[in-house]
Amino acid sequence: MKSGGQVISTDVAIIGGGVVGCAVARRMALAGASVVLMEKAPDILDGASKGNSAILHTGFDAPVDSLEWQCVQNGHQEYLEIHKSLNLPLLKTGAMVAAWTEEEEARFPGILEKAHKNQVNDIRQLSQAEIHKLEPHLAGNVRAALYIPREYVIDPWSAPLAYLLQAIENGGQALFNAEVTAGGYDGEHWLLDTPQGQVRAKYVVNAAGLYGDIVDTRVLGDSEFVIKPRKGQFVVFDKAAGNLINSVILPVPTKITKGIVLFPTIFGNMMVGPTAEEQESRDDASVDTATLNALHEQALRMLPALKGIPVTATYAGIRSATEQPEYRIREEPERNWITLGGIRSTGLTAALGIARHVETLLKGFGAAFEKRQNPVVSRVPNLANHLSRDCHTPGYGEIVCHCEMVTDREIKAALSGKMPAGSLSGLKRRTRVTMGRCQGFYCSARLAELTEDKFETPLSVGEAHD
Amino acid sequence: MTDITTKTCDVAVIGGGPSGLSAAITLKQAGVKSVVVLDREAVAGGIPRHCGHPPFGLAEFKRILTGPEYAKRIVKKAQQEGVEIALKTTVVLLEKQGRLTLVSPDGTSQLLAKRVLLATGTRETPRSARFVSGNRPIGICNTGALQSMVYLKNMVPFRSPLVVGTEIVSFSALMTCKKAGIKPVAMIEQNTRPSVQWPVYYAASFFGVPLRRKTRIVEIIGGNRVESVIIAGGNGKEEKIPCDGVLFTGLFTPESSLARMSHLALDPDTGCPLVDNNGRCSDPVYFAAGNVIFQPVKVAGKCWQSGIRIARAIVDDLSG
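For clarity, every value in this text was computed on a predicted model and none was experimentally measured.

Asker: I'm lost on the overall build of chain A in this one. Help?
Answerer: For chain A, the helix and strand inventory stands at 12 helices and 22 strands. For a compact globule of 466 residues, the expected C-alpha radius of gyration is about 23 Å, and chain A comes in at 22 Å, within 12% of that figure. With the C-alpha coordinates of chain A rotated into their principal frame, the extents come out at 65 × 65 × 45 Å. Residues counted as buried form 61% of the 466 residues belonging to chain A. Within chain A, contacts between residues separated by at least 24 positions form 73% of all contacts whose residues are at least 6 apart in sequence. Total accessible area on chain A stands at roughly 17800 Å², and carbon and sulfur atoms take up 49% of it.

Asker: Looking at this structure, I do not really get the overall build of chain B. What am I missing?
Answerer: Counting secondary structure elements, chain B contains eight helices and 18 strands. Radius of gyration (C-alpha) of chain B: 21 Å, near the 20 Å computed for a compact globule of 320 residues. Once the C-alpha set of chain B is aligned to its principal axes, its extents read approximately 60 × 45 × 35 Å. A burial count over chain B gives 59% of its 320 residues as buried. Here chain B has roughly 13600 Å² of accessible surface; of this, 51% comes from carbon and sulfur atoms.

Asker: So what exactly am I meant to see when it comes to helix α1 (residues 18–29) of chain B here?
Answerer: Given 3.6 residues to a turn, an α-helix orients residues that are three or four positions apart in the same direction. Residue and element names in this part refer to chain B. With 12 residues, α1 extends 16 Å from end C-alpha to end C-alpha; this agrees with the ideal 16 Å at 1.5 Å per step. Across the 12 residues that make up α1, a large majority, 10, are buried. For α1, every residue scored as buried is listed here: P18, S19, G20, L21, S22, A23, A24, I25, T26 and L27. Phi turns positive, to about 95°, at G31, one or two residues after α1.

Asker: Which parts of the structure should I look at to understand the sheet that holds strand β11 (residues 186–188) of chain B?
Answerer: Strands belonging to one sheet form pairs held by backbone hydrogen bonds; the direction of such a pair is parallel or antiparallel. Ordered by their spatial adjacency, five strands build an open sheet running β8-β16-β10-β11-β12 (chain B), and the pairing between neighbours is parallel. Every other strand in the sheet has two partners, leaving β8 (140–142) and β12 (211–212) of chain B as the edge strands with one partner each.

Asker: Explain the pairing of strand β1 (residues 5–14) of chain B here, please?
Answerer: Working note: regular strand, side chains alternate between the two faces of the sheet. Residues and elements named next belong to chain B. Note that β1 and strand β6 (residues 107–118) share nine bridges and pair parallel. Paired with V11 across the two strands is R115, which belongs to β6. Sheet topology note: the β1/strand β2 (residues 35–38) ladder contains four bridges and is parallel. Bridge pairing links V13 to V37 in β2.

Asker: In this structure, what is going on with the interface of chain A and chain B? I would like to understand it.
Answerer: Often the size quoted for an interface is simply the accessible area lost on bringing the parts together. Taken together, the contacts link 54 residues of chain A with 50 residues of chain B. Summed over both sides, the interface of chain A with chain B buries roughly 4400 Å², with 57% coming from carbon and sulfur. Our count for the chain A to chain B interface comes out at one salt bridge. Inspection of the chain A/chain B interface yields 20 residue pairs in polar contact (both at pLDDT 80 or more). Breaking the side of chain A that touches chain B down by element, the ones donating at least two residues are α8 (289–302), β17 (311–322), α12 (444–450) and β22 (462–463) of chain A. Taken together, the residues of the side of chain A that touches chain B break down into 25 nonpolar, 18 polar and 11 charged.

Asker: What is the right way to look at the pairing of strand β5 (residues 99–104) of chain B in this model?
Answerer: Residues and elements named next belong to chain B. Most of β5 sits inside the fold, with five of its six residues counted as buried. For strand β4 (residues 90–95) and β5, the ladder comprises five bridges, and the chain directions are antiparallel. Bridge pairing links L93 to T101 in β5. Linking β4 back to β5 in an antiparallel pair, the connection comprises three residues, with Q97 at a positive phi of about 65°. One ladder, built from six bridges, connects β5 with β6; its direction is antiparallel. Opposite V103, over in β6, you have T108 as the bridge partner. The hairpin turn running from β5 into β6, its antiparallel successor, is two residues long.

Asker: Got a minute to help me understand the domain arrangement of chain A in this structure?
Answerer: Residue and element names in this part refer to chain A. By domain assignment, chain A separates into domain 1 (7–51 + 157–226 + 324–364), domain 2 (89–153 + 228–322) and domain 3 (390–450). Using only C-alpha atoms to locate each centre, domain 1 and domain 3 end up separated by 29 Å. On the side of domain 3, 11 residues touch domain 1, which itself brings 13 residues to the contact. Taken as a group, D43, W157 and L161 account for 48% of the area that domain 1 buries against domain 3, more than any other trio of residues on that side. Scanning the region where domain 1 abuts domain 3 turns up two salt bridges. Between K418 and E169 there is a salt bridge whose closest N-O contact spans 3.0 Å. Counting across the interface, domain 1 meets domain 3 through five residue pairs in polar contact (both at pLDDT 80 or more). When the residues that make up the side of domain 1 that touches domain 3 are grouped by side-chain class, the tally is nine nonpolar, no polar and four charged.

Asker: What's the story with α8(A) in this structure? I'm lost.
Answerer: All names here are of chain A. Between its terminal C-alpha atoms α8 stretches 20 Å, which fits the 20 Å expected from 14 residues at 1.5 Å a residue. Along α8, the residues classified as buried are T291, L292, L295, A299 and M302. The arc that holds the buried residues of α8, viewed along the axis, is 100°, so those residues lie on one side. The exposed set on the far side of α8, more than 90 degrees from its buried face, consists of A290 and R301. Taken together, the buried residues of α8 touch β12 (227–237), β13 (248–251), β14 (261–264), β15 (270–273), β16 (277–278) and β17.

Asker: Please explain the sheet that holds strand β13 (residues 216–222) of chain B as it appears in this structure.
Answerer: Residue and element names in this part refer to chain B. Pairing within the open sheet is antiparallel, and its three strands lie in the order β13-β14-β15. Two strands lie at the open edges of the sheet, namely β13 and β15 (238–242), each paired on one side alone. Pairwise comparison of adjacent strand axes, ignoring direction, gives a mean angle of 25° for this sheet. Sheet analysis places β13 next to strand β14 (residues 226–232), joined by six bridges and oriented antiparallel.

Asker: Just checking my understanding: could you explain the environment of A139(A) for this structure?
Answerer: Tracing the chain through its elements places A139(A) in the loop between α5 (128–134) and β6 (144–148). In this view, A139(A) contacts W100(A), R301(A), M302(A) and P304(A); residues no more than four positions away in its chain are not counted.

Asker: Before we go on, may I ask you to explain the packing of helix α1 (residues 19–30) of chain A against helix α9 (residues 347–364) of chain A in this structure?
Answerer: A pair of packed helices is characterised by two quantities: the angle between their axes and the separation of those axes. All names here are of chain A. At a minimum axis distance of 8 Å, the contact between α1 and α9 shows a crossing angle of 45°. What the angle tells us is that α1 and α9 run oblique. Like other packed secondary-structure pairs, α1 and α9 cross with a definite hand, here right-handed. Between α1 and α9, the residues in contact are V19, V20, A23, V24, R26, R27 and M28 and G347, L348, A351, L352, I354, A355, R356, V358, E359 and L362, respectively. Counted by class, the contact of α1 with α9 contains 12 nonpolar, one polar and four charged residues.

Asker: Where do I start with the packing of aromatic side chains in this structure?
Answerer: For any pair of aromatic rings, geometry is given as the distance between the ring centres together with the angle between the planes. All chains considered together, the criterion is met by 11 aromatic pairs over all chains. Consider the rings of W190(A) and W337(A), whose centres lie 4.9 Å apart with planes at 55°: the pair is tilted. Note that W190(A) is positioned in strand β10 (residues 190–194) and W337(A) in strand β19 (residues 337–341), a separation of 147 residues in sequence. Here the aromatic rings of F56(B) and Y70(B) are separated by 5.5 Å at their centres, their planes lie at 35°, and the arrangement is tilted.

Asker: When you look at the packing of helix α4 (residues 143–153) of chain B against helix α5 (residues 168–180) of chain B in this model, what are you seeing that I'm missing?
Answerer: Residue and element names in this part refer to chain B. Between α4 and α5, the least distance of the axes is 10 Å, while the angle of their chain directions is 30°. Taken as axis vectors, α4 and α5 run roughly parallel relative to one another. At the point where α4 passes α5, the crossing takes the left-handed sense. In this structure, α4 contributes T143, L146, Q147, V150 and Y151 to the contact, and α5 contributes V169, S172, A173, T176, C177, K179 and A180. Here the contact of α4 with α5 is built from residues that sort into seven nonpolar, four polar and one charged.

Asker: Which parts of the structure should I look at to understand the state of the cysteines?
Answerer: Each disulfide is one covalent bond, formed between the sulfur atoms of two cysteines. In this structure the tally under the stated criterion is zero disulfides over all chains. No disulfide involves C51(B); its sulfur sits 11 Å from that of C303(B), the nearest cysteine.

Conventions adopted
Residues numbered from 1 in each chain as written. Chains lettered and ligands numbered in written order. Predicted model: local features only at pLDDT ≥ 70, side-chain atom pairs only at ≥ 80, totals over all residues. Heavy atoms only, no water. Helix = DSSP H or I, 4+ residues; strand = E, 2+ residues; numbered from the N terminus. Rg over C-alpha atoms; globule rule 2.2 N^0.38 Å. Buried < 20%, exposed > 50% of the residue type's maximum accessible area, 1.4 Å probe, protein only. Contact = heavy atoms within 4.5 Å. Areas by Shrake-Rupley, 256 points an atom, 1.4 Å probe, with all protein chains shown as cover. Expected span 1.5 Å × (residues − 1). Pairing = 2+ DSSP bridges. Buried area = accessible area lost by both parts, 1.4 Å probe. Salt bridge = Lys/Arg side-chain N within 4 Å of Asp/Glu carboxyl O. Polar contact = N/O pair within 3.5 Å; in protein donor to acceptor, adjacent residues only side chain to side chain. Nonpolar A, V, L, I, M, F, W, Y, C, P; charged D, E, K, R; others polar. Domains from an automatic or database assignment. Arc of directions from axis to C-beta. Axes fitted to C-alpha atoms, helices over the stretch in contact; angles between N-to-C directions. Parallel < 35°, antiparallel > 145°, perpendicular 65-115°, else oblique. Left-handed = near helix turned anticlockwise from the far one by under 90°. Phe/Tyr/Trp six-rings, centres within 6.5 Å; stacked < 30°, edge-to-face > 60°. Disulfide = S-S within 2.5 Å.

Structure representation (structure tokens):
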């Protein structure tokens with residue numbers, strides 16, 4: 001044990017600062033437990049949660065009667081209940097499953113039946129006139145479409161930030177650069193080693209995502225699943241494309257994949273993706289020219305009006321899939337340990353539902369907490385394009401990032417407070433700085449200055465000299 | 001919203017770089033009463049502010065200046081002519097009848113202009129829009145970011161980058177690297193010949209940078225920071241070169257986002273606002289000058305001249 005010597009005692013220790021870990025931290029803090037979240041990266045959302053489609057799913061196509069479906073339903077519902085109080089945005093886009101071939105259209109009855117079983121009863125088939133009215137720019141050869149009104153678009157990074165912030169505001173604690181390197185159970189408490197010290201906990205929730213099996217093997221001695229990383233590449237189009245579609249355009253899913261989606265983002269852009277590429281690496285989120293070109297061409301086929309509209313960004317996310325399609329929840333009541341494994345693309349929606357499930361499981365283990373009375377409700381800054389941003393309130397200093405209208409004031413705020421950005425990418429996710437069309441052409445200098453000495457990997461590597 | 005203040009002016013110029021300022025000066029000299037230059041930066045002058053090397057100003061001032069000297073000089077001249085320069089003022093919306101929505105630290109406001117000149121310039125194409133393969137570590141940027149870091153903040157984003165491109169700006173980037181103590185590992189060009197007709201072999205060798213033609217970037221490798229690149233030569237043979245950054249130079253694209261988000265028509269091939277011979281846009285209240293309508297991109301002196309020419313057309317239009 002080469003920790004700093006400190007031992008932090010807590011009721012619930014959470015391993016992993018992805019959306020699931022953040023949601024569990026919030027849930028348990030509000031339930032009255034003391035919580036400590038341990039993240040191996042310098043900031044939250046460094047793994048699977050940094051790249052997703054940002055869609056709040058209804059679960060219309062989830063496996064019937066599955067835990068995943070339950071968590072998605074509960075997560076969707078709770079997000080709608082809490083988003084206003086946490087200042088989290090919601091874009092009520094709806095989604096359209098578009099069939100381009102007869103074969104695809106033939107699958108509609110099956111999709112409808114499954115949706116009804118999943119209690120998504122407002123799904124309906126659109127007429128050609130309705131398709132055209134809803135999506136006038138969509139390529140004219142769409143044969144038929146189903147419409148799911150309650151599929152929405154949210155901010156994939158502010159939501160987990162808000163969850164963890166609320167946990168911290170209500171007595172929780174987060175440790176960064178705190179990979180769990182070893183652990184032991186003495187029959188009453190877990191003692192987990194991290195480079196930031198030891199954490200002594202009654203209960204442990206492993207939400208380590210892409211590393212979930214590794215953590216289980218390391219601490220429990222074995223893992224019930226194997227992570228099979230699945231990469232998804234995305235292309236982000238300029239905000240000029242933001243009004244070309246109104247809803248999330250889903251393809252008819254195949255047995256293998258949900259397919260390539262065309263969707264508006266909460267930040268005013270339009271995106272296409274993700275691909276589904278099996279790979280060995282858990283952290284190689286590289287993009288490749290051929291795939292990006294193919295995505296770009298596919299987007300243009302679906303939406304010809306995209307022609308000539310510049311690309312703003314490209315990126316890839318890695319889903320923490322396993323060798324089986326369902327969520328892999330491991331319960332160890334004898335050792336007070338829960339592993340949340342195999343949470344894939346539905347994780348953003350399901351996180352709040354998964355957190356509720358965790359609370360139920362812990363109660364089943366015998367955990368008894370006194371529900372927190374009058375919990376602190378903390379608001380996060382709004383980054384959604386359709387709502388008022390920081391630059392709309394006078395006195396912001398100056399705009400640093402012009403493409404995304406990020407102010408000096410909001411960057412400084414994101415670098416301080418109870419959940420300061422721990423890395424440059426963390427700062428980007430909190431503010432959108434450099435995430436716009438110029439990708440830092442105009443603002444890198446000012447940003448390098450504002451973030452000097454803040455991050456382990458800074459923008460500037462030193463002084464210029466003759 | 002009723003509480004938004006609305007001001008009026010004769011001509012609103014969007015962008016305080018060489019073309020915008022020369023147009024504003026020309027308009028004032030021709031007797032146009034109220035000319036407002038709207039610049040989103042804290043200091044006007046445009047791109048030359050962070051091109052810390054000569055030659056600027058030969059056509060305009062008959063002498064050789066560095067970019068920052070030139071930028072100061074054109075701003076001062078505009079002020080002397082009575083041009084109002086509104087700094088830290090971002091135009092967020094263009095509408096018909098010359099109605100502009102502005103955001104500044106003082107609040108949101110509207111400006112109603114009889115004529116509007118778009119002089120929003122140009123920028124380089126970033127890595128993302130080039131669809132380059134690989135990871136996305138820190139240390140990848142354009143010349144604009146490099147030069148603003150070096151000349152405005154005395155900082156460097158890398159010490160030994162790969163330089164992609166051989167346009168004029170690429171050699172400007174080499175000059176900046178030399179000044180900042182940055183030693184590029186190589187400069188690569190996809191084509192057989194470099195993009196500029198300068199004595200490039202001399203230039204690249206003067207800066208001690210190997211120039212490799214018929215070579216393209218295949219992949220960027222790195223964790224937190226760039227660690228290496230894979231490049232491929234004409235024979236397709238790939239080679240891994242250690243470096244700590246990638247500098248994507250050139251491939252200029254007009255900064256025409258405002259026009260793109262508005263009712264104005266764009267040339268689908270170049271992305272520039274569509275203009276007639278007088279720089280007039282599809283909405284006759286709007287004009288455009290300088291690098292926002294130039295493809296390929298032109299140097300500051302040409303933008304300065306463009307501003308003068310289009311300003312004269314605006315004067316004729318206002319008086320006619």
